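This is what each chain is made of:
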Amino acid sequence: MKTVAFHNLGCKVNSYEMEVMQQKFKESGYIIVPFDTVADIYVINTCTVTAIADRKSRQMLHKAKKTNPDAVVVAAGCYAQTDTDHAAQDTSVDMVIGNNRKAEIVKLIEEYLDDRHKRVIVDDLNSPCAYEEAGIEYSCERTRVDIKIQDGCDQFCTYCIIPKARGRVRSRDAGQVVREIERLSEAGFKEVVLTGIHLSSYGLDLHKDEKGRAIPYNMAASDRDYTNEDLIDIIDAVSRIEGIKRIRLGSLEPRVITKDFLNAISREPKICPHFHLSLQSGCDSTLKRMNRRYTTDEYYDKVSLIREYFDLPAITTDIIVGFPGEDDEEFAATVEYVRKVGFYETHVFKYSRRKGTIAADMPDQNTERVKALRSDVLLKLCDENRLKYKKAHIGRECDILIEEEKTVGGRLMAVGHTADYIPAAIPVADGIKSGDIIRAVAGDICEGYLIP
């Protein structure tokens, strides 16, 4: 029996695809072992969203070969897709597999084992291609599971390498999505997270113009109030699956937030009131250089609209600090904007210069020191916003999806997350188990958890 070890870097989509690959190996009789042990095959599912992600990907490839010099080391995923030549030249790497070939990984490795000649299997994702259909039967998670329904991005933000790594927008067949979630529901999962590289574009590649070309989710001002019916339809289909009690949405483009969209999803009690709207900057001039297709006023209108339809929703976002040309005044505008919106969570990233992007050649690149200082300022504000949002829930009823037992404040507690993704804990009691949804009134905050 051959053994195979995995290491994943990056986003929820990458995590999902790693589980797909793991299950392909299990189905073929391979034994999955921990990454830090000796294995016959190592699969590193790489990331390239930042320079640090590239470096970590290379480090894991080298670590695998050092652990077992005779092993087959596979570089799969985004770093392999975008920097194929370097990955192929790396003496620690035996195989390079791109993003649209992961479902074939067992067959590809077995072909390699026939002659041990280095192989590079990377498709050009800039050309039209189909969604690579692959699903999971179970998940390493205990209660909630990420479900990939979309791949690729057509937005071309000036800082972002992901369109090169993931290619054009491709949507998964709705029937396949529903069947997969039905199986997972039967296995006991209560919550699903619908995710993708650009989730708001789900289904838009399926529509053609009079010349048979895909109609993109384009940038025209007239499209700012576009409502994606395909995304609404897939949410509705998943909501009909009886065993699923919660539906959480991955990152959304602000432009998809319309009255029609919110009117449709707010009627569904399974929808979690948790909206991740990627912002990137709270300054209009920075947003313009980033090629983000909204203004801060438009973004704020979307947040306000969500708050009209949902009571105390969790609004989370991403911010890039130190973008080329961002001066002290522009950064100050972002700080004030983050305070104004009152996000529950803000993920702060230092701008990473990515070769092949427009921003990499922009003037006035900020130093790493400036980026670090600005990151520290925003992270402190984020902590304040997070605590303020949690305090707003004290005295309110919360439904907690129990995940595990953990010591909180010196007591053994059953812990999980509320629908708006706040960590919460209740005293352990007979009959409470992982996967249960328990209603409790939040009375205080202890070690970051809402407690009765």
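Residues numbered from 1 in each chain as written. Predicted model: local features only at pLDDT ≥ 70, side-chain atom pairs only at ≥ 80, totals over all residues. Heavy atoms only, no water.

**Considerations on the sheet that holds strand S9 (residues 191-196)**
Taken in spatial order, the four strands line up as S8-S7-S9-S10 in an open sheet, and their pairing is mixed. Here the strands that pair on one side only, and so sit at the sheet edges, are strand S8 (170-171) and strand S10 (246-249). As defined by bridge partners, strand S7 (residues 144-151) adjoins S8 across two bridges and the pair is classed as antiparallel. Each bridged residue has a counterpart across the sheet, and for Gln150 the counterpart in S8 is Ser171. With respect to the sheet, helix H8 (residues 229-239) is in contact with S7, S9 and S10, its orientation differing from that of S10 by roughly 155°. (Pairing = 2+ DSSP bridges. Helix = DSSP H or I, 4+ residues; strand = E, 2+ residues; numbered from the N terminus. Contact = heavy atoms within 4.5 Å. Axes fitted to C-alpha atoms, helices over the stretch in contact; angles between N-to-C directions.)

**A closer look at the packing of aromatic side chains**
Evaluation of the coordinates by the stated rule reveals 10 aromatic pairs. Here the aromatic rings of Phe35 and Tyr42 are separated by 5.6 Å at their centres, their planes lie at 85°, and the arrangement is edge-to-face. The same class applies to Phe35 and to Tyr42, which are both buried. When the ring of Tyr294 is compared with that of Tyr299, the centres are 5.9 Å apart and the planes differ by 45°; the resulting orientation is tilted. The same class applies to Tyr294 as to Tyr299, namely buried. Following the ring pairs from residue to residue traces out a cluster consisting of Tyr294, Tyr299, Tyr337 and Phe343. (Phe/Tyr/Trp six-rings, centres within 6.5 Å; stacked < 30°, edge-to-face > 60°. Buried < 20%, exposed > 50% of the residue type's maximum accessible area, 1.4 Å probe, protein only.)

**As for the packing of helix H1 (residues 12-27) against helix H5 (residues 105-115)**
Between two packed helices, what matters for the description is the angle formed by their axes and the separation of those axes. In contact at an axis separation of 9 Å, H1 and H5 are set at 60° when each is read in the N-to-C sense. The orientation of H1 with respect to H5, classified from their angle, is oblique. Across the interface between the two elements, Met21, Lys24 and Phe25 from H1 touch Ile105, Val106 and Ile109 from H5. In terms of residue class, the contact of H1 with H5 is made up of five nonpolar, no polar and one charged. (Parallel < 35°, antiparallel > 145°, perpendicular 65-115°, else oblique. Nonpolar A, V, L, I, M, F, W, Y, C, P; charged D, E, K, R; others polar.)

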